[in-house]
Amino acid sequence: MIAKLSALSLCLALALPAQSIKPGDDFFAYANGAWLKSTEIPQGKERWGARDEINALTRARIAKLLDDARTAPPGSPARKVADFRAAFLTQPALGANAIAPLKPLLDSISAIANKSALTRFIGKSMRADVDPLNWGVYQSSSLLGLSVEPSIHGEKTYVPFLLQGGLGLPDRENYVSDEPAMRASRTKYQVYVSGLLTFGGFDRADQRAENVLALETEIAKTQATREFSANDHNADHAWTHADYVRQAPGIDWHEFLAAAGLGGQESIVAWQPSAIFGVAALIASQPLDAWKDYLRVHALQLARPQTAADPTESAMSDAIGRMYADRYFPAEQKTRVERIVKHVTNAFIKRVEGSAWMSPATKATALAKLNALYVGIGYPERWQDYSDLVIDAHNAVGNLRRVADRDYRRALARLGTPIDMKEWQMAPQTAGAVLVFQQNTYDFTAALLQPPKFDPAASDAANYGAIGAIIGHDVSHFIDMLGAAYGVDGAMKGWWTAEDSARFQALADPLTKQFSGYRPFADAAVDGKLTQSENIADLAGLSAAFDAYRLTLGARASDKSYVRQQDREFFIGFAQSWRTKMSDAALRTQLASDHAPEVYRISTVRNLDAWYEAFDVVPGQRLYLEPKARVRVW
């Protein structure tokens, strides 16, 4: 008779360390041996790890939530999610029924009689679907896109940004590059556009498609590259209405901004000035009929049949996040993680207070930032109110437009209002964390807080080693070389002195050399300089988490046997939270990134004296470092 392992027993079995491997030789394999042996990289993938496991489980949970929402009370946020999804699941194929919801929009485009009407239409049709400073979304679905968010100069209210957009292909390079693949994409796109126009009932579809592609190519030529767009100092381009009129002639900017709901704004950031110049010039120079066909094509794209999951999650992510948190992240788990955050942050503050390399003024700023830091755990403190959103279970196109209109109204409503320092930038059902330096805030989601990152069934020691070290890592970024670019007020201004930087670098250099010594292939090694920031943060997070965990021992801190056991759980929890298998090709790819492969990130433990004591690591073992070679930065 073969006994079957329960799910819990299986989890425990997979968590057991590999006893045949000495931790001082390969701590990654020691801590993750059973998992490495039992786990296969899924077909079609190059790597599989803790984050992939969490993402897979989260996708399954969301699918179940969406299915269950079908029976929610009519009009409730959950039911609106279900109805939105149902509309896509039952969306008709391209045909008369699919185009019917678009007829009012297409008629309004046909009614555009001159460039003044065109200007008003483009302004009124603008979308709030870009986010340059938080997520690096630099391209709108509309010709110009709006973002309303905190800027980089310490402003106390939300700032409007105008960004480029309006391309049917993914990027400007698809239009301007002579690469064969790019030329092929343009040819396929023109055929696709012709098909859309034919579907819409327009004659001379091929000629119209050629004109649309030509217009989009001219738009693309004026647009900024992704490299230019990624510069946060583009926020310096704050233009008044007069600046728009003077610097970007060709359209009536007062008409455009009034139609867009921005007529009352004193200044609006032109994130990519070349695109602003280009839009104005092209509206003036290109034929009205070409513009109308361009607008028709972009309207008709709304009628394309789509899979239901992605538009549902992007359109109503906050509602789904609330459903997810209610079911999968109970209050007691949040309370436990809040306690870990508090203790790890306090432990890191103590390390900063004791840092000798910081000048007094720099240390004072660092401590002020840490004491003012807001950490959001699991889900936001305030949820969106969806009572103003009408969802029709039989009209996918109408739902998309109503969601986009609502998002734009919400963006306009933020203008001039005080910045909400507790605003979230990531949905609770997305496994991850986000650091917003302009707000001095750090949020990590309910979806991330799953084994092996956080395990409600595990000991405090194991969880401090896992999620505690991640928390410490991210908190340290607010005052390291990344956070040093932003002041306490969120303004983008450096506050380290040159002497601080030199002393910090002197402490970091040994860690850089340590990581540069990791060579998985004869011809490839970790780039210790490229990965330096993340490696230092790993060490800072692990050290602060260890300090914080030790304080939880209370009266048992004098019990050497118990402390040794708990220390082992701490370090094993850390190692298991980064478990990963990858192909050689994936490993080579990661070696070129600014994050060292997980097997080497786990080896950060060799810089903590307590690890040696917990696992009897001695000279001669591969990870052993002499005490003077163990790196301490914070």
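Residues numbered from 1 in each chain as written. Predicted model: local features only at pLDDT ≥ 70, side-chain atom pairs only at ≥ 80, totals over all residues. Heavy atoms only, no water.

Colleague: So what exactly am I meant to see when it comes to the overall build of the chain here?
Modeller: Scanning the chain from terminus to terminus reveals 27 helices and nine strands. Relative to the compact-globule value of 26 Å for 634 residues, the chain shows a C-alpha radius of gyration of 27 Å, a close match. The buried share of the chain, reckoned over its 634 residues, is 53%. Long-range pairs, those at least 24 residues apart, make up 71% of the contacts in the chain with a sequence separation of at least 6. Of the roughly 27700 Å² of accessible surface on the chain, a fraction of 55% belongs to carbon and sulfur atoms. With 69 positive and 71 negative side-chain charges, the chain shows a separation of 3 Å between the mean positions of the two kinds. (Helix = DSSP H or I, 4+ residues; strand = E, 2+ residues; numbered from the N terminus. Rg over C-alpha atoms; globule rule 2.2 N^0.38 Å. Buried < 20%, exposed > 50% of the residue type's maximum accessible area, 1.4 Å probe, protein only. Contact = heavy atoms within 4.5 Å. Areas by Shrake-Rupley, 256 points an atom, 1.4 Å probe, with all protein chains shown as cover. Lys, Arg positive; Asp, Glu negative; His and termini not counted. Charge placed at Lys NZ, Arg CZ, Asp CG, Glu CD.)

Colleague: What am I meant to see in the sheet that holds strand 8 (residues 441-445) here?
Modeller: Two strands in a sheet stick together by hydrogen bonds in their backbones, pointing the same way (parallel) or opposite ways (antiparallel). Strand order in the open sheet formed by three strands is 6-8-7, with mixed pairing between adjacent strands. The sheet terminates laterally at strand 6 (374-378) and strand 7 (433-436), the two strands that pair on one side only. Each strand of the sheet is rotated relative to its neighbour by a mean of 10°, with strand direction disregarded. Direction of pairing for strand 7 relative to strand 8: antiparallel, over a ladder of four bridges. Within the sheet, the bridge partner assigned to V436 lies in strand 8 and is T441. Contacts from helix 18 (residues 331-353) reach strand 6 and strand 8, with the element oriented near 150° to strand 6. (Pairing = 2+ DSSP bridges. Axes fitted to C-alpha atoms, helices over the stretch in contact; angles between N-to-C directions.)

Colleague: When you look at the nonpolar core in this model, what are you seeing that I'm missing?
Modeller: The nonpolar side chains of soluble globular proteins are, as a tendency, buried together. Core analysis: the largest hydrophobic core is formed by 112 residues, its most contacted members being F27, F444, F571 and W634. With nine residues, helix 23 (residues 532-551) is the largest single contributor of residues to this core. Discounting chain neighbours no more than four positions away, the residues touching F571 are F27, F546, V605, L608, A610, W611 and F615. Judged by nonpolar contacts, the second largest core, of 63 residues, contains L162, V212, L213 and W291. (Core = buried A, V, L, I, M, F, W, Y, C linked by side-chain atoms within 4.5 Å.)

Colleague: Teacher, can you tell me more about unusual backbone geometry here?
Modeller: The general pattern is negative phi for most residues beyond glycine and trans for most peptide bonds. With omega at 5°, the peptide bond leading from P451 into P452 counts as cis. With respect to the helices, strands and loops of the structure, P452 is situated in the loop between strand 8 and helix 21 (460-477). Phi angles above zero are rare outside glycine, and N440 is one such case at about 55°. Within the secondary structure layout, N440 lies in the loop between strand 7 and strand 8.

Colleague: Please clarify how helix 21 should be interpreted in this entry.
Modeller: Along an α-helix, residues three or four positions apart point the same way, because every turn accommodates 3.6 residues. For helix 21, with 18 residues, the first-to-last C-alpha span of 24 Å sits near the 26 Å given by 1.5 Å per residue. Along helix 21, the sharpest change in direction is near 40° and occurs at G468. Within helix 21, 17 of the 18 residues are buried, which leaves the element mostly enclosed by the surrounding structure. (Expected span 1.5 Å × (residues − 1). Bend = angle between axes of the 7 residues up to and from the residue.)

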